[in-house]
Amino acid sequence: QVQAVETGGGLVEAGGSLRLSCTASGLSSAFDDYAIGWFRQAPGKEREGIAAIYTGNGASYYADSVKGRFTITSDNDKHTAYLEMTSLKEEDTAVYYCAAGASPSQSTVLSSSKYEYWGPGTQVTVSS
């Protein structure tokens, strides 16, 4: 059974930092065969792809809304991907999800439809 679990969410003041972790288990092939994506969904808004990494070669991609503030990395030995979030803003408040996908292309790597395995999400709240 494939599982992806996010940890590290919480309450932080604007301008602060948080690091989210995503650990995947039970994948049908090696962890570095997958792309890991981070998505978020704020109340009343659609789910947004914000960062993704091809764990095999480390290539990373970001939405404009987080570029320069968020960094995605992976530790393949631990089957874990991280999202380092800095300079947080109130508009970053959302439920954050990680997902593993076997075959998103570079043009679709931030598209939620290209990911098969999802975590339950972790709440990030940024206060003013």
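Higher on the page you've got the structure.
Conventions and cut-offs
- Residue numbers restart at each chain and count upward from 1, following the sequence in its written direction.
- Confidence filtering applies because this is a predicted model: local features only for residues at pLDDT of at least 70, side-chain atom pairs given and counted only at 80 or more, and all residues used for totals across whole chains, interfaces and linings.
- Based on all heavy atoms of the structure, the side-chain values leave hydrogens and waters out of the count.
- Throughout, nonpolar core names a set of buried Ala, Val, Leu, Ile, Met, Phe, Trp, Tyr and Cys residues whose side chains join them through atoms within 4.5 Å.
- Working definition: with a 1.4 Å probe on protein chains only, accessible area under 20% of the residue-type maximum means buried, over 50% means exposed, and in between means partly exposed.
- In this description a helix means any DSSP run of H or I spanning at least four residues, a strand means any run of E spanning at least two, and both kinds are numbered starting from the N terminus.
- At least two bridges found by DSSP between two strands is the condition for calling them paired.
- A fitted line through C-alpha atoms serves as each axis, taken over the contacting stretch for helices, and the angle formed by two N-to-C directions is quoted from 0 to 180°.
- Stacked, tilted and edge-to-face are the three classes assigned to paired rings of Phe, Tyr and Trp, where Trp is represented by its six-membered ring and a pair needs centres within 6.5 Å; plane angles under 30 degrees give stacked, over 60 edge-to-face, the rest tilted.

1. Topic: the nonpolar core
Point 1. Core analysis: the biggest nonpolar cluster contains 29 residues, and W38, F70, L83, M85 and Y96 have the highest contact counts within it.
Point 2. Those elements that place two or more of their residues in this core are β3 (18-25), β4 (35-41), β5 (48-54), β7 (70-75), β8 (80-85), β9 (94-101) and β11 (122-127).

2. Overview of unusual backbone geometry
Point 1. In this structure, H79 is a non-glycine residue whose phi angle is positive, near 55°.
Point 2. Along the chain, H79 turns up in the loop between β7 and β8.
Point 3. Since its relative accessible area comes to 35%, H79 is described here as partly exposed.
Point 4. For S87, which is not glycine, the phi torsion reads 50° and is therefore positive.
Point 5. You can see S87 is positioned in the loop between β8 and β9.

3. Observations regarding the pairing of β8
Point 1. Burial analysis of β8 places five of its six residues in the buried class, the great majority of the element.
Point 2. Examined bridge by bridge, β7 and β8 share six bridges and lie antiparallel to one another. Each residue of the ladder has a partner; that of I72, found in β8, is L83.
Point 3. Taking the residues that link successive antiparallel strands as the turn, the β7-β8 hairpin has four residues, and the phi of H79 there is positive, at about 55°.

4. Some details on the sheet that holds β7
Point 1. Taking strand neighbours across the sheet as the criterion, the four strands line up as β1-β3-β8-β7 in an open arrangement whose pairing is antiparallel. Two strands close off the open sheet at either side, each with one partner strand: β1 (3-7) and β7. When strand polarity is set aside, the average angle formed by the axes of neighbouring strands in this sheet is 15°.
Point 2. Relative to β3, β1 runs antiparallel, the two sharing five bridges. In the sheet register, Q3 faces β3, and the bridge partner there is S25.

5. Considering the packing of aromatic side chains
Point 1. Evaluation of the coordinates by the stated rule reveals five aromatic pairs.
Point 2. Centre to centre, the rings of Y54 and Y61 are 5.7 Å apart; their planes meet at 85°, and the pair counts as edge-to-face.
Point 3. The exposure class of Y54 is buried, given its relative accessible area of 18%.

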